[in-house]
Amino acid sequence: MSDLLLAWTEAELGVEGRVLPVVTAPAAVLSADGEHVDPTAPETLQLAADLVATMRVSPGCVGLAAPQVGVGAKVFCVDVSEHPKTRDHHGTFVLCNAEVIESSRNEKAREGCMSVPDLTGDVKRATRLVVRGQLPGTGEEVTVHANAFEARALQHEIDHCDGLLFLDRAAGAHAIHARKTYL
């Protein structure tokens, strides 16, 4: 586990997060490849704080990416610590310009998304993952070793930053389902 990541808190951003409206499909920003960001720029710090604030007030939300709040940037937050499927986790964190550098052991599981509120889908994703990204504020590069549910959440958010929804990863129409429970 990354000590930098475990020690990180949104207080380090130095700005108050605002709750932003969540964009839903078919909004164009959700299918566009996000721009790389300067993790030390004031607008990146504000975006990071806004993502965490919006995630925290959204029931059942374990991650939120910049495109989901209408910003075409490679920034996302994750916090799977309260989810019942979680094993290991790194608490709340934000990554900028993240990329998967290693993955293994694919497994199919059901996913939902605030930007696709009426559907869920069966998506095959790696259960072990190594992600490299930068922390907002310092710009320090971190490497995250994630597994199980946290690995799935990271892949889901990185996909958002690359212009992909879980619907793009589902095996076909038979793997898409009407959401039965609204949080």
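Definitions and cut-offs
- Residues numbered from 1 in each chain as written.
- Predicted model: local features only at pLDDT ≥ 70, side-chain atom pairs only at ≥ 80, totals over all residues.
- Heavy atoms only, no water.
- Helix = DSSP H or I, 4+ residues; strand = E, 2+ residues; numbered from the N terminus.
- Rg over C-alpha atoms; globule rule 2.2 N^0.38 Å.
- Buried < 20%, exposed > 50% of the residue type's maximum accessible area, 1.4 Å probe, protein only.
- Contact = heavy atoms within 4.5 Å.
- Areas by Shrake-Rupley, 256 points an atom, 1.4 Å probe, with all protein chains shown as cover.
- Lys, Arg positive; Asp, Glu negative; His and termini not counted.
- Charge placed at Lys NZ, Arg CZ, Asp CG, Glu CD.
- Expected span 1.5 Å × (residues − 1).

Digging into the overall build of the chain
Across its full length, the chain carries 4 helices and 6 strands. Reading the helices (α) and strands (β) of the chain from amino to carboxyl end gives α-α-β-β-β-β-β-α-α-β. The C-alpha radius of gyration computed for the chain amounts to 15 Å, which stays within 12% of the reference 16 Å derived for 183 residues, consistent with globular compactness. Here the C-alpha coordinates of the chain stretch approximately 45 × 30 × 30 Å along the principal axes. Here the chain holds 183 residues, and the buried ones make up 50% of them. Excluding contacts between residues fewer than 6 apart, the proportion of contacts in the chain whose partners are at least 24 apart in sequence is 70%. Total accessible area on the chain stands at roughly 8800 Å², and carbon and sulfur atoms take up 50% of it. Positive and negative charge centroids in the chain, built from 16 and 25 side chains respectively, lie 11 Å apart.

What about helix 3 (residues 148-161)?
Here helix 3 spans 21 Å end to end across 14 residues, near enough to the 20 Å set by a 1.5 Å rise per residue. When you tally the buried positions in helix 3, you get 14 out of 14 residues, the bulk of the element. Trailing helix 3 by a residue or two, Gly163 shows a phi angle of about 85 degrees, which is positive.

As for helix 2 (residues 42-56)
Helix length check: helix 2 (15 residues) gives 21 Å between terminal C-alpha atoms against 21 Å at 1.5 Å per residue, within 8%. Within helix 2, 12 of the 15 residues are buried, leaving the element largely enclosed by the surrounding structure. Among the residues of helix 2, Thr44, Leu45, Gln46, Leu47, Ala48, Ala49, Asp50, Leu51, Val52, Ala53, Thr54 and Met55 are the ones counted as buried. In this structure, the buried residues of helix 2 make contact with strand 1 (63-65), strand 2 (75-78) and strand 3 (93-113).

So, unusual backbone geometry
Across the junction of Ala25 and Pro26, the peptide omega takes the value 15 degrees, indicating a cis bond. Relative to the helices and strands, Pro26 is located in the loop between helix 1 (3-7) and helix 2. For Asn97, which is not glycine, the phi torsion reads 55 degrees and is therefore positive. Structurally, the position occupied by Asn97 is in strand 3. Residue Asn97 is classed as buried on the basis of its relative accessible area of 13%.

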